[in-house]
Amino acid sequence: MYNTKIVAFESYLPPRVVTNEELSGMVDTNDEWIRTRTGVSERHVSVGETVSEMCVKVADGLLSKSGISAEEIDLIIVATITPDFATPNTACLIQKAIGAKNAFAFDMSAACSGFIYALSVADKYIKSGMCKNVMVFGAEVLSAMTDWSDRSSCILFADGAGGVIAQASEQCAGLIAEDLHSKGEDGLKLTGGAICIDTPFFDNDKEKQPYFKMDGRAIFSFATRNVPRSIECIIEKAGIAKTDIAHIVPHQANSRIVEAMAKKLDMPIEKFFINIQKTGNTSAASIPIALADMYGEGRLKTGDKIILTGFGGGLTWGSILLEL
Ligand code: COA
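Below is a short write-up of the structure.

Cut-offs used in this document
- Residues numbered from 1 in each chain as written.
- Predicted model: local features only at pLDDT ≥ 70, side-chain atom pairs only at ≥ 80, totals over all residues.
- Heavy atoms only, no water.
- Near = heavy atom within 4 Å.
- Polar contact = N/O pair within 3.5 Å; in protein donor to acceptor, adjacent residues only side chain to side chain.
- Areas by Shrake-Rupley, 256 points an atom, 1.4 Å probe, with all protein chains shown as cover.
- Helix = DSSP H or I, 4+ residues; strand = E, 2+ residues; numbered from the N terminus.
- Nonpolar A, V, L, I, M, F, W, Y, C, P; charged D, E, K, R; others polar.
- Domains from an automatic or database assignment.
- Buried < 20%, exposed > 50% of the residue type's maximum accessible area, 1.4 Å probe, protein only.
- Pairing = 2+ DSSP bridges.
- Contact = heavy atoms within 4.5 Å.
- Salt bridge = Lys/Arg side-chain N within 4 Å of Asp/Glu carboxyl O.
- Axes fitted to C-alpha atoms, helices over the stretch in contact; angles between N-to-C directions.
- Parallel < 35°, antiparallel > 145°, perpendicular 65-115°, else oblique.
- Left-handed = near helix turned anticlockwise from the far one by under 90°.

Describing the site of the ligand
Near the ligand lie 24 residues; those nearest to it are Thr 29, Arg 37, Arg 151, Arg 217 and Asn 254. Trp 33 has a polar side-chain atom sitting 3.4 Å from a nitrogen atom of the ligand. Here the ligand, which alone exposes 960 Å², has 74% of that area covered by the protein. Of all elements in the fold, only helix H2 (31-38), helix H6 (151-154), helix H7 (216-238), helix H8 (255-265) and strand S12 (305-312) reach the threshold of two or more residues within the shell around the ligand. With 4 residues, the top contributor of residues to the shell around the ligand is H7. When the residues that make up the shell around the ligand are grouped by side-chain class, the tally is 11 nonpolar, 8 polar and 5 charged. Looking at which domains feed residues into the shell around the ligand, each of domain 1 (3-170) and domain 2 (175-323) supplies at least three.

Focus on the pairing of strand S7 (residues 159-169)
Counting buried positions over the 11 residues of S7 gives 10, a clear majority of the element. Bridge count between strand S1 (residues 3-12) and S7: 9 bridges; the pairing is antiparallel. The partner of Thr 4 across the bridge, within S7, is Ala 168. For strand S6 (residues 133-141) and S7, the ladder comprises 9 bridges, and the chain directions are antiparallel. Along S7, the bridge assignment pairs Glu 140 with Gly 160.

Concerning the side chain of His 44
With respect to the helices, strands and loops of the structure, His 44 is situated in strand S3 (residues 42-44). On the basis of relative accessible area, His 44 is assigned to the buried category, the value being 12%. From its side chain, His 44 meets the backbone oxygen of Pro 14 in a polar contact 2.6 Å long. If we ignore the near neighbours within four places in the chain, the residues touching His 44 are Leu 13, Pro 14, Pro 15, Arg 16, Val 17, Ala 158, Asp 159, Lys 278 and Thr 279.

Quick look at the pattern of salt bridges
A side chain of one charge can pair with a side chain of the opposite charge if their charged atoms are brought near each other. Per the stated rule, a full pass over the model turns up 14 salt bridges. Here Glu 10 makes a salt bridge to Lys 65, at a shortest N to O gap of 3.2 Å. Residue Glu 10 is found in strand S1, and its partner Lys 65 is found in helix H3 (residues 51-66); the two are separated by 55 residues along the sequence. Judged by relative accessible area, which is 17%, Glu 10 ranks as buried. Judged by its relative accessible area of 47%, Lys 65 falls in the partly exposed class. Residue Asp 123 is joined to Lys 127 by a salt bridge in which the shortest nitrogen-to-oxygen separation is 2.9 Å. Here Lys 127 and Asp 123 lie together in helix H5 (residues 114-127), a separation of 4 residues that amounts to about one turn. Several salt bridges converge on common partners, so that one network encompasses Asp 123, Lys 124, Lys 127 and Glu 178.

A few points about the packing of H3 against helix H4 (residues 90-98)
Look at H3 against H4: their axes get within 9 Å of each other, and the N-to-C directions meet at 50 degrees. The orientation of H3 with respect to H4, classified from their angle, is oblique. Between H3 and H4 the crossing geometry is right-handed. Residues Val 51, Ser 52, Cys 55, Val 56, Ala 59, Asp 60 and Leu 63 of H3 form the contact with H4, whose participating residues are Thr 90, Leu 93, Ile 94, Ala 97 and Ile 98. Counted by class, the contact of H3 with H4 contains 9 nonpolar, 2 polar and 1 charged residues.

Some thoughts on unusual backbone geometry
With omega at 5 degrees, the peptide bond leading from Thr 87 into Pro 88 counts as cis. With respect to the helices, strands and loops of the structure, Pro 88 is situated in the loop between strand S4 (75-79) and H4. Of the consecutive residues Gly 314 and Leu 315, the connecting peptide bond is found in the cis state with omega at -10 degrees. Position of Leu 315 among the secondary structure elements: in the loop between S12 and strand S13 (316-323). Even without glycine at this site, Asp 266 takes up a positive phi of about 55 degrees. On the secondary structure map, Asp 266 appears in the loop between H8 and helix H9 (276-279). Judged by relative accessible area, Asp 266 falls into the exposed class, the value being 67%. In this structure, Ser 283 takes a positive phi of about 50 degrees despite not being glycine.

Any link to function would need more than the numbers given here.
This is the structure in structure tokens:
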């Protein structure tokens, strides 16, 4: 029986940085409000780079770090809500760019839980014996879906890409436990990118809704209520203690959400990785970007048990307990 070992981590942030000061010149806000309410100081935004272009940079890094060749990749999964096209999917664009000619490739849409869902799917292909090397990406150009005149949301969202190579291993315990949920009935509390049906057959008089619309308080309480429960659930499923967990890597939505999670779980905040101050909320990209940062800082050690936890649009949420 094979398990899922993560053998490479990589991320890419577009070079254009937008500070809170710069946003204060665009909408009625200020650095102090943004930092104290969200934890964000600055964010990266694309000046034309698409999700697939950012992912190709990540993919090149993953291949060179792992020593795995593009032909050895069996599957490419991209979690994103901002693909370059509806078709071809982003994963196929990456496949072409890197020459992963033996892979099959598809995108997944689960907003800020996207990377968790995608890693869960990769794990099943690995456990079934069907795939040996799987590239899993989370990547977004949320700036394209952000209303830059809405101060309640434009302060949060940002762009970036991250990815891992998940490999079949007989040595590593890999994905030990997981807990995945969706609650479609609350989905309209966070929407974005509505398709507008306006054709010769149908004259649409509804307002176009390309941008994020969010009930911030509802999302905040949804996250602080459900995510700690999900983390407790996988710790219980795995039969381990909270002290056995080396790190919790949460979706970077708001540092106050992470602080509330730590408090509810009665775990030290130092166990929770936070890099939102420099990334903002990059939806599906935030967890793989965080992992790449942690790896780069030497924080991830072989044998560590870590928990990844994502939550957001759908509404969706989920947690994974991984042994590295
Ligand atoms: N700058 C200054 N003031 C702002 C502001 C901004 N950027 N945005 C909102 N305000 C004002 C509001 O108008 C309101 O003013 P009022 O009291 O005069 O009506 C006040 O600040 C408080 O607004 P509120 O919406 O209650 O703030 P909040 O503490 O809930 O923080 C969010 C707002 C969006 C930061 C917070 O709700 C949040 O992070 N929610 C989760 C969102 C999220 O994570 N979404 C993605 C999910 S993956």
